[in-house]
Amino acid sequence: MEGRDLLAGAARAAIYNMALQFCIRIMTFVLNGVVLRYISKEMLGVVNVRLTLLYTTTLFLATESFDQACLSKIEDKDWRQVVNQMWLTFPMSILVCLVFGCVWMFVLESPDSESIPYYGTGVVCFCLTTIITTLARPHFIIGQCHLFNRLRVLSVALSELVRCLIAAFLVIYFPHWGLISFSIAQVTSAITYSVIYYAVYYLMIKAEDTGESFVFQSVRDFFPKILPNKSFVDWRLVSLTRSFFKQSIFKQILTEGEKYIMTVFGVLSFGDQGYYDIIDNTGVVFRELDDSLQYFFYPALLRGFPLHLQPPDSADLVTSVLEHLLKTVTLIGSVILVFGQSYAFLALDLYGGSLLSAGTGPLLLRWYCLYVLVLAVNGITECFYFAVMSKKEIDSYNHKMLLFSIILLVSSLFLTRLVGSVGFVLANCINMACRILQSVYFIHNYYKDSGYKPLQGFIPSYPVLGTLVAAYCITALSESYFCCGYGNLFRLLHIIIGGLCLLCVLVTIAISEKQLVQFVTTQLWGRKIGKTDR
């Protein structure tokens, strides 16, 4: 595909990835519901906060800056140099895992060995997962650059399914294994992910289905090689990688800030961390929104160029996608915020019983619904910002990221001591609001001399706003009369009332937001997928 068709394919890739992340979070949510019956909250806190934070930190630091640099659209990019550079993530992952593995093992407070056995084994296995995953990183980046959407969906979905099923099976039938069950599931998932990429590209080569321009023409091309008359890597990409690496450190702190505070400062017990993680899983799909959209914005825009120097087709479609995605996440976030206020208690009670619905759980989830809204908006605005800014602007923004990190850490410590775990949500809302203002200011200046107005996507239509307000009032009354302290029949009535209100909101959106509906149905899904959509 070329031109506008190529960009439409990239937009579809972003949509597929968001849908994929949603499905993965549903699987994780269901897994937590299953294993909660067989393990303690403390075990869940160690796995889903302490060890998962080790995995996300090491993988992010080892790959994020390389990903962003190699996905950037620059002139005369040599794909062999891209492959060579992405292979540097493998030794980088070993170095990062050695450093952070030692911190997790010998510096941080270890959980009680009686109630949480095999902690050291868990640390080693979660680090090993990062190293195994980077073995397929060059293949992943090449696939993203060539819009192999189904390959990404297949690899991530199958590996996560394997992880969930193995973890649930081992926890149920071998509960005495402790962290070993989750470690086996994690390592097997990483192996599955890497094997899928190698196997698919191998089959493509054997079937001669790659085309002469594709970088992988033989199995030998999977690995780094010396290039005649060229440097081993593209030094422009190396320079970008350095700049993005500084940014990735701050970005990781901002993304997982509350978990670092839990881990380093110990403001919550492992049981409370597990409890918080259950609530936190409801919004992770939006937390990874910028990861999805970078595969659209990065290849579509020339980095560091003003709007009038961008290719016209790219500028037109990117602006349209930006506006309509802003409208989409604003509407979705608003719906979650409105209905989350009246259904937080019922959702937690049905999911985990009084263990979750008692105490501050419903209040935490209600505030988290607000966080989901600002999280989704920031994912889109910041991704566009990162895709367009020049290398000089990236270096300048790193100082702002330091300021945002300080704001997050200070506000988290203060608010957590003041209002408990709800303080983490409030601190994240403050942090996200600051980052949104910075990105919106940049987008406004970027488009101010043009006829485009993508920031109008923030504003839902008046009929939608009115319907949302009415839905909030009706469901709040329904909760006070039918939900708390009554039997299942009254709870069912409360659910039916909420369902009818949600239906009214969706119908109003379909009627009053016709441009959004038309864009989704024609631009993103209406086009046929070409050969590059593997």
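Values in this document were obtained by computation on a predicted structure and should not be read as measured data. (Residues numbered from 1 in each chain as written. Predicted model: local features only at pLDDT ≥ 70, side-chain atom pairs only at ≥ 80, totals over all residues. Heavy atoms only, no water.)

**Q** Account for the overall build of the protein chain, naming residues and giving values.
**A** Counting secondary structure elements, the protein chain contains 21 helices and zero strands. Here the protein chain holds 534 residues, and 56% of them are scored as buried. Within the protein chain, contacts between residues separated by at least 24 positions form 83% of all contacts whose residues are at least 6 apart in sequence. Surface exposure of the protein chain reaches about 22,600 Å², of which carbon and sulfur atoms provide 69%. (Helix = DSSP H or I, 4+ residues; strand = E, 2+ residues; numbered from the N terminus. Buried < 20%, exposed > 50% of the residue type's maximum accessible area, 1.4 Å probe, protein only. Contact = heavy atoms within 4.5 Å. Areas by Shrake-Rupley, 256 points an atom, 1.4 Å probe, with all protein chains shown as cover.)

**Q** Give a detailed account of the side chain of Gln310, specifying residues and quantitative values.
**A** With respect to the helices and strands, the residue Gln310 is situated in the loop between helix 13 (289-300) and helix 14 (312-352). Classification of Gln310 as buried rests on a relative accessible area of 4%. A polar contact of 3.4 Å, which involves the side chain of Gln310, links it to the side chain of Tyr446. (Polar contact = N/O pair within 3.5 Å; in protein donor to acceptor, adjacent residues only side chain to side chain.)

**Q** Describe the packing of aromatic side chains, naming the residues involved and giving the relevant values.
**A** Taken as a whole and judged by the stated rule, the model has 29 aromatic pairs. Ring geometry for Tyr446 against Tyr447: centres 5.4 Å apart, planes inclined by 80 degrees, an arrangement best described as edge-to-face. Assessed through its relative accessible area of 4%, Tyr447 is described here as buried. Three or more aromatic residues link up through ring pairs in this structure, and these residues are Trp87, Phe140, Phe148, Tyr193, Tyr197, Tyr198, Tyr201, Phe214, Phe216, Phe222 and Phe223. (Phe/Tyr/Trp six-rings, centres within 6.5 Å; stacked < 30°, edge-to-face > 60°.)

**Q** Run through the pattern of salt bridges, naming residues and quoting values.
**A** All chains considered together, the criterion is met by nine salt bridges. In this structure, Arg80 engages Asp221 in a salt bridge whose closest nitrogen and oxygen atoms are separated by 3.9 Å. In this pair, Arg80 sits in helix 3 (residues 79-86) while Asp221 sits in the loop between helix 8 (179-206) and helix 9 (235-255), placing the two residues 141 residues apart along the sequence. No difference in accessibility class separates Arg80 from Asp221, as the two residues are buried. Glu513 is the salt-bridge partner of Lys327, the closest N and O atoms lying 3.1 Å from each other. Separated by 186 residues along the polypeptide, Lys327 in helix 14 and Glu513 in the loop between helix 20 (488-512) and helix 21 (514-524) bring together distant segments of the chain. In terms of burial, Lys327 and Glu513 fall into one category: buried. (Salt bridge = Lys/Arg side-chain N within 4 Å of Asp/Glu carboxyl O.)

**Q** A description of helix 2 (residues 41-71) should follow, citing residues and the corresponding values.
**A** Along helix 2, the sharpest kink reaches roughly 40 degrees, centred on Thr63. Buried residues dominate helix 2, accounting for 27 of its 31 residues. (Bend = angle between axes of the 7 residues up to and from the residue.)

**Q** Break down the confidence of the model for the protein chain for me, with residues and values.
**A** Per-residue pLDDT for the protein chain has a mean of 82; in total, 85% of the residues score no lower than 70. With pLDDT under 50 throughout, residues 526-534 is counted as low confidence; its partners more than four residues away or in other chains account for 27 contacts. (pLDDT = per-residue confidence, 0-100.)

**Q** Describe the packing of helix 2 against helix 11 (residues 270-280), listing the residues and the values that go with them.
**A** At their nearest, the axes of helix 2 and helix 11 sit 7 Å apart, and the two run at 65 degrees to each other. Judged by the sense of rotation from one axis to the other, the crossing of helix 2 with helix 11 is left-handed. For the pair formed by helix 2 and helix 11, the contact residues are Lys41, Glu42, Leu44, Gly45, Val46, Asn48, Val49 and Arg50 on the first element and Phe270, Gly271, Gln273, Gly274, Tyr275, Asp277 and Ile278 on the second. (Axes fitted to C-alpha atoms, helices over the stretch in contact; angles between N-to-C directions. Left-handed = near helix turned anticlockwise from the far one by under 90°.)

**Q** Report on the packing of helix 9 against helix 17 (residues 391-419), specifying residues and quantitative values.
**A** In a pair of packed helices, the angle between the axes and the distance between the axes together describe the arrangement. Look at helix 9 against helix 17: their axes get within 8 Å of each other, and the N-to-C directions meet at 15 degrees. The orientation of helix 9 with respect to helix 17, classified from their angle, is roughly parallel. Where helix 9 crosses over helix 17, the handedness of that crossing is left-handed. Between helix 9 and helix 17, the residues in contact are Ser239, Leu240, Ser243, Phe244, Lys246, Gln247, Phe250, Lys251, Ile253 and Leu254 and Lys391, Ile394, Asp395, Tyr397, Asn398, Met401, Leu402, Phe404, Ser405, Leu408 and Leu409, respectively. The class makeup of the residues in the contact of helix 9 with helix 17 is 12 nonpolar, five polar and four charged. (Parallel < 35°, antiparallel > 145°, perpendicular 65-115°, else oblique. Nonpolar A, V, L, I, M, F, W, Y, C, P; charged D, E, K, R; others polar.)

**Q** Account for the nonpolar core, naming residues and giving values.
**A** Membership of the largest hydrophobic core comes to 62 residues, with the highest contact counts inside it found for Leu322, Tyr371 and Phe384. Broken down by element, the residue count for this core peaks at 17 residues, all from helix 16 (residues 361-388). Once residues lying within four places of it in the same chain are set aside, the contact partners of Leu322 are Phe297, Ile380, Phe384, Ile443, Tyr447 and Pro454. Met43, Cys127, Phe182 and Phe270 belong to the second-largest nonpolar core, a separate cluster that totals 33 residues. (Core = buried A, V, L, I, M, F, W, Y, C linked by side-chain atoms within 4.5 Å.)

**Q** Go over the environment of Gly466 with me, naming the residues and quoting the values.
**A** Checked against the element boundaries, Gly466 lands in helix 19 (residues 462-483). For Gly466, a relative accessible area of 40% translates into the label partly exposed. Residues Gly466 and Val505 lie 39 residues apart in sequence; the distance between their C-alpha atoms is 9.3 Å.

**Q** Can you tell me about the environment of Ile509, naming the residues and giving the values?
**A** Here Ile509 is to be found in helix 20. Ile509 sits in the buried class, given a relative accessible area of 13%. For the pair formed by Ile509 and Leu465, sequence separation is 44 residues and the distance between their alpha carbons is 9.7 Å. Ile509 has contacts with Leu331 and Val464, leaving out every residue within four places of it along the chain.

**Q** Pulling in residues and values, what's your account of a nonpolar patch on the surface?
**A** A cluster of nonpolar side chains, Leu350, Leu489, Phe490, Leu492, Leu493, Ile495, Ile496, Leu500, Leu503, Val507 and Ile511, forms an exposed patch at the surface whose accessible area comes to about 1,000 Å². Among the elements that take part in the nonpolar patch, helix 20 stands out by supplying 10 residues, more than any other. (Patch = residues over 30% accessible without salt bridge, like charges linked within 9 Å, V, L, I, M, F, W, Y side chains within 5 Å.)

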